[in-house]
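Residue-level structural notes
Residues per chain are reported as follows:
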Amino acid sequence: MQLNYDNITLQSITPSWLPATITAAILRLDLLHPEVSGNKWFKLKHNLSTAMQQGRSRLLTFGGAYSNHIAATAAACQLLHLPSTGIIRGERPPVLSHTLEHAAAQGMELVFITREAYRHKTTTDWASLYPDAYIVPEGGNNALGAKGCEEILPLANAALQTDNIQPPSGVDKRAIPFSHIACAVGTGTTLAGIINSATPQQTVIGYVVLKGAAYLTGEINSLLRPGPHPHWELRHEHHGGGYAKVTPALRSFMEECYAETRVPLDMVYTGKLLMGFREDVQHGRYPAGSNVLLIHTGGLQGNTI
Ligand SMILES: *Cc1c(COP(=O)(O)O)cnc(C)c1O
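Residues numbered from 1 in each chain as written. Predicted model: local features only at pLDDT ≥ 70, side-chain atom pairs only at ≥ 80, totals over all residues. Heavy atoms only, no water.

In the nomenclature of an unreviewed UniProt entry, the chain corresponds to Pyridoxal-phosphate dependent enzyme from the organism Chitinophaga agri. According to its UniProt record, the chain has this under Cofactor (unreviewed entry): "pyridoxal 5'-phosphate". Under the Sequence similarities (unreviewed entry) heading, UniProt states for the chain: "Belongs to the ACC deaminase/D-cysteine desulfhydrase family." (UniProt positions renumbered as here; feature names shortened; annotations may be inferred.)

Have a look at this one:
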């Protein structure tokens, strides 16, 4: 299965806090598809085709009640007519979250397991419980997931050559390749694909949305192809209290940002990416002349909670 990428745009942004010496554009993966939006499609695509090639009769994966990965998997499997099972963290609530309600409506079988059992999911023998299922780890975090994410950066480079982007006046857009690529990081699978497809002259920066996720460097390294790699680093200061924690400051930043750019952000990932980017710009961490590509990884379905 292949989705049409024509809806993805590269949008130049000029929020009031961005100095004139720095240019920034956002790759709108949130516009990819109404149901299978953002980075989750790129992480799923090679997993889905492998499942089909292997003749699997079901796809099984994992997530929480608001998981963008569960939402995208349910929708993609419905498009493929491939039955899907979501192993969901926690007991079945009396009222399902919007995400789970929608996933179930798309035909996903929901199996609720205790938080304790969920912690042991990677060592549970799912293959013997679901012998015909193709198993995708939580968040689409595997080598095939990273491989699919190698397609993201070329989409931005291609858009640079088209009229999708309005460069700042007087600037020849073809003369300014991206110096920095910034992306929100959960499992790091998407960032690994971006690192694998960036040039050694570029700098890749991951804005981590989890608190205390020191293990991520090792996880990302395990998904990298043999070098040479671009310089890459993780920013751990912008999680805003931890995964899915929403502060009033984040809320008001997201509102202001929308008013200035018309780009809708999600509260868990892209809101923290843009707010982290603003803080780093204000602290001078992006040198004058930087041409920054921000990846909008989607996740807007989660805002309906
Ligand atoms: C899942 C998700 C991410 C994190 O991607 P990883 O590959 O797990 O790092 C970022 N942004 C959005 C909107 C997501 O849904």
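Resuming the write-up.
A short note on the domain arrangement of the chain
For the chain, the domain assignment lists domain 1 (5-36 + 142-302) and domain 2 (39-139). Taking the mean C-alpha position of each, domain 1 and domain 2 sit 26 Å from one another. On the domain 2 side, the residues contacting the 24 residues of domain 1 number 23 residues. Of the roughly 1900 Å² buried where domain 1 meets domain 2, counting both sides, 56% is carbon and sulfur surface. Across the salt bridge formed by lysine 45 and glutamate 151, the nearest N and O atoms sit 2.7 Å from each other. Scanning the region where domain 1 abuts domain 2 turns up 10 residue pairs in polar contact (both at pLDDT 80 or more). Only helix H6 (143-149), helix H7 (152-160) and helix H8 (189-197) provide two or more residues apiece to the side of domain 1 that touches domain 2. Counted by class, the side of domain 1 that touches domain 2 contains 10 nonpolar, 11 polar and three charged residues. (Domains from an automatic or database assignment. Contact = heavy atoms within 4.5 Å. Buried area = accessible area lost by both parts, 1.4 Å probe. Salt bridge = Lys/Arg side-chain N within 4 Å of Asp/Glu carboxyl O. Polar contact = N/O pair within 3.5 Å; in protein donor to acceptor, adjacent residues only side chain to side chain. Helix = DSSP H or I, 4+ residues; strand = E, 2+ residues; numbered from the N terminus. Nonpolar A, V, L, I, M, F, W, Y, C, P; charged D, E, K, R; others polar.)

Some remarks on the site of the ligand
As a matter of local geometry, the ligand sits amid 14 residues, with Lys40, Asn68, Thr187, Thr190 and Thr297 nearest to it. In this structure, threonine 187 approaches the ligand through a side-chain N or O atom, which is 2.6 Å from an oxygen atom. In the model, an oxygen atom of the ligand is placed 2.6 Å from a nitrogen or oxygen of the threonine 190 side chain. In the complex, 98% of the free accessible area of the ligand, which totals 380 Å², lies under the protein chains. (Near = heavy atom within 4 Å. Areas by Shrake-Rupley, 256 points an atom, 1.4 Å probe, with all protein chains shown as cover.)

Topic: the UniProt feature "modified residue: N6-(pyridoxal phosphate)lysine" (unreviewed entry) in the chain
In the numbering used here, UniProt assigns the feature "modified residue: N6-(pyridoxal phosphate)lysine" (unreviewed entry) to Lys40. For lysine 40, the position within the fold is in helix H1 (residues 39-53). Residues within four places of lysine 40 in sequence aside, it is in contact with Asn68, His69 and Ala72.

Brief notes about the pattern of salt bridges
Applying the stated rule across the entire model yields 10 salt bridges. Where aspartate 280 meets arginine 235, a salt bridge forms, and the shortest distance between an N and an O atom there is 2.5 Å. With aspartate 280 in helix H11 (residues 270-282) and arginine 235 in strand S9 (residues 231-235), the pair connects residues that are 45 residues apart, well separated along the chain. Residue aspartate 280 is classed as buried on the basis of its relative accessible area of 0%. Residues joined by salt bridges that share partners form a network here, namely Glu233, Arg235, Asp280 and Arg285. (Buried < 20%, exposed > 50% of the residue type's maximum accessible area, 1.4 Å probe, protein only.)

With respect to the nonpolar core
In terms of nonpolar packing, the biggest core is built from 51 residues, with Leu10, Leu27, Phe42, Leu48, Leu191, Leu293 and Ile295 touching the most fellow members. If one sorts the elements of this core by residue count, H7 sits on top with six residues. Lining this core are residues from two domains, each supplying at least three of them: domain 1 (5-36 + 142-302) and domain 2 (39-139). Excluding residues within four positions of it along the chain, leucine 27 makes contact with Ile8, Thr9, Leu10, Ile152, Leu155, Ala156, Leu293, Leu294, Ile295 and His296. Of all hydrophobic cores here, the second largest spans 27 residues; its members include Phe253, Val263, Leu273 and Met275. (Core = buried A, V, L, I, M, F, W, Y, C linked by side-chain atoms within 4.5 Å.)

Brief notes about the packing of aromatic side chains
Using the criterion set out here, one finds six aromatic pairs in the structure. Judged by centre distance (5.4 Å) and plane angle (40°), the rings of tyrosine 5 and phenylalanine 42 are tilted. On the criterion of sequence distance, the pair formed by tyrosine 5 in the segment before strand S1 (10-13) and phenylalanine 42 in helix H1 is long-range, its members being 37 residues apart. Each member of the pair, tyrosine 5 as well as phenylalanine 42, is classed as buried. Taken together through their ring pairs, the aromatic side chains of Trp17, Phe253, Phe277 and Tyr286 make up a single cluster. A cation over a ring is seen here: lysine 40 above tyrosine 269, with NZ or CZ 5.5 Å from the ring centre. (Phe/Tyr/Trp six-rings, centres within 6.5 Å; stacked < 30°, edge-to-face > 60°. Lys NZ or Arg CZ within 6 Å of the ring centre and 35° of its normal.)

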